[in-house]
Amino acid sequence: MRRRSRDLAAGMAVVVAATGLTACGGGGDAESGGGKKLHVLVGAKPEYSKELRAWMADTKKKFKAKTGADITFETFSSPEQEQQKIQTSVVSGTGPDVYSLGTTFTPVAHSTKAFHEFTPEDWKKVGGRERFIPQSLAMSGPDKKHEIGVPTAMRPYGMVYNKAMFKEAGIKAPPKTWDEYVSYAKKLNKPKEGTYGAAVDYSDGFNPWKYIWASTLQSGGRLVSEDLKKAQLDSPEARAAVGSLFDLTAKHKVVDPKSTGWKAPQALSAFSGGKAAMLGMVTPGAVPSLEKSKVKDDYAFAPMPLVPEGEKSRPAGGVPAGTIVSGDAVAVAKYSKNKDLALEYIKLTTSAKEQTSYAKTFGDLPTDKGAAQALAKNDPQVAAFVKAEDAAVPTPFTGAWADVQLGIQNVVTQSLPSLSRGNYDPAAVKKLLAKADKTTQSSIDRQKR
């Protein structure tokens, strides 16, 4: 999953309009010697740049041996870059044959109508749809007949906690409700010693909205109506969800006051340095850092709490949402002249063997059932995230989702000055949510046209 930009929805609207043009030419590009070249666009991994280069080289070698064709890899470092690539490729009818897509980007890409929808025969050619973990397929398309994405990696979100701190405080198990989360954080809180019960990355461009999304669903609310026709960001459940997140610092005082300026790396650093007892919304990608940290022998993962604050059980209509369906998928451009080679590439890179190797290198979990189960059997940390995936809930499959995500994030961002002073204004939050709701509704209405 990559961070989204404020320009995403507007930019993708241009792509949707562009798909009405007749594309000429074709993807896949030039011949190379006696074989074709497959053009593949993947996300850059700045934290694993060396490993990504090695993976590309190894994949090229294996693909060449299998098909006789070459691969040209191209990387993008932001949603803006991938968005621009889609725009120009759709208009010109040339460009990457295969695109890597984050799960919440897939609905937006699907709305362009620029990607190939997989048939039962296509699924057979890539090894069978049934071999993938069901939750990982939830964002492949609006339904089984209109899927564009083949899941390649899972990044379920969970929480990590300090076992030694829990034991010292007499806490025997991780929290299952948000009330327990707050209660435990208070017991673990030692601000005079510079240690806090929890860590939150309030300034991160990606994580805060997920807390609000999860709490809203757990409370029985929705950010977009079930029929995908109405924005519901300004609901009582959404307002309460924002309050729960903000109250960790404004009311309960269980996080470092400096956390209002933290992004994900700073929050992880606080936990890995033994300065926070709990950290939510982390993925398996945190493991490499934790294994090199001060808490190497003292951390464990668990699913996020599934009952909203103030409740002992989920109210009517509440959803046990612990994590979004998160990860990556690959999609094939409609203009591609190399569809068969694209399917061969997907079959290779999503095989159990290749996904296992990828997981050990980059931390992302396999989407292949057998590969995920094998890793979980031998690694309790992986097992915790595989279990967290059981509580994975897909975000609404709408091209307007970018506005939901950005709108919620803007509520947090605009509230940070107040939070940094230890408070926030519920009336101001309501006003911001109402504005985001209006923008999202406009985007939903555009989708209908």
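Residues numbered from 1 in each chain as written. Predicted model: local features only at pLDDT ≥ 70, side-chain atom pairs only at ≥ 80, totals over all residues. Heavy atoms only, no water.

**Q** Is there a simple way to explain the nonpolar core in this structure?
**A** One recurring pattern in soluble globular proteins is that nonpolar side chains are buried together. The biggest cluster of nonpolar side chains holds 58 residues, and the ones touching the most others in it are L188, Y202, W213, L223, F246 and M278. One finds V40, V42, F132 and A342 within the second-largest nonpolar core, a separate group that totals 28 residues. (Core = buried A, V, L, I, M, F, W, Y, C linked by side-chain atoms within 4.5 Å. Buried < 20%, exposed > 50% of the residue type's maximum accessible area, 1.4 Å probe, protein only.)

**Q** What is the right way to look at the sheet that holds strand β7 (residues 278-282) in this model?
**A** Strand pairing within a sheet occurs via backbone hydrogen bonds; the two strands may be parallel or antiparallel. If you walk across this open sheet you meet the 3 strands as β7-β6-β8, and the pairing is antiparallel. Of all the strands in the sheet, just β7 and β8 (299-302) have a single pairing partner and so form its edges. Between one strand and the next, the sheet's axes are offset by a mean angle of 25°, whatever the strand orientation. Where strand β6 (residues 158-162) and β8 come together, 4 bridges link them in antiparallel fashion. Within β8, the position partnered with Y161 by the bridge is A300. Lying on the sheet, helix α10 (residues 264-272) is in contact with β6, β7 and β8; it crosses β7 at an angle near 145°. (Pairing = 2+ DSSP bridges. Helix = DSSP H or I, 4+ residues; strand = E, 2+ residues; numbered from the N terminus. Axes fitted to C-alpha atoms, helices over the stretch in contact; angles between N-to-C directions. Contact = heavy atoms within 4.5 Å.)

**Q** It is not clear to me how the side chain of R222 should be interpreted in this structure. Could you clarify?
**A** With respect to the secondary-structure elements, R222 resides in the loop between α8 (208-218) and α9 (236-250). In this structure the side chain of R222 is engaged in a polar contact, spanning 3.4 Å, whose partner is the backbone oxygen of G220. Polar side-chain contacts of R222 include one of 3.2 Å to the backbone oxygen of G317. Apart from residues lying up to four places away in sequence, R222 is in contact with T216, L217, Q232, G317 and V319. (Polar contact = N/O pair within 3.5 Å; in protein donor to acceptor, adjacent residues only side chain to side chain.)

**Q** Could you clarify how one ought to interpret the side chain of T440 in this entry?
**A** Take T440: it is sitting in helix α17 (residues 426-448). A distance of 2.9 Å separates a polar side-chain atom of T440 from the backbone oxygen of A436. The residues touching T440, leaving out its near neighbours within four places in the chain, are A231, L233, A400, D403 and V404.

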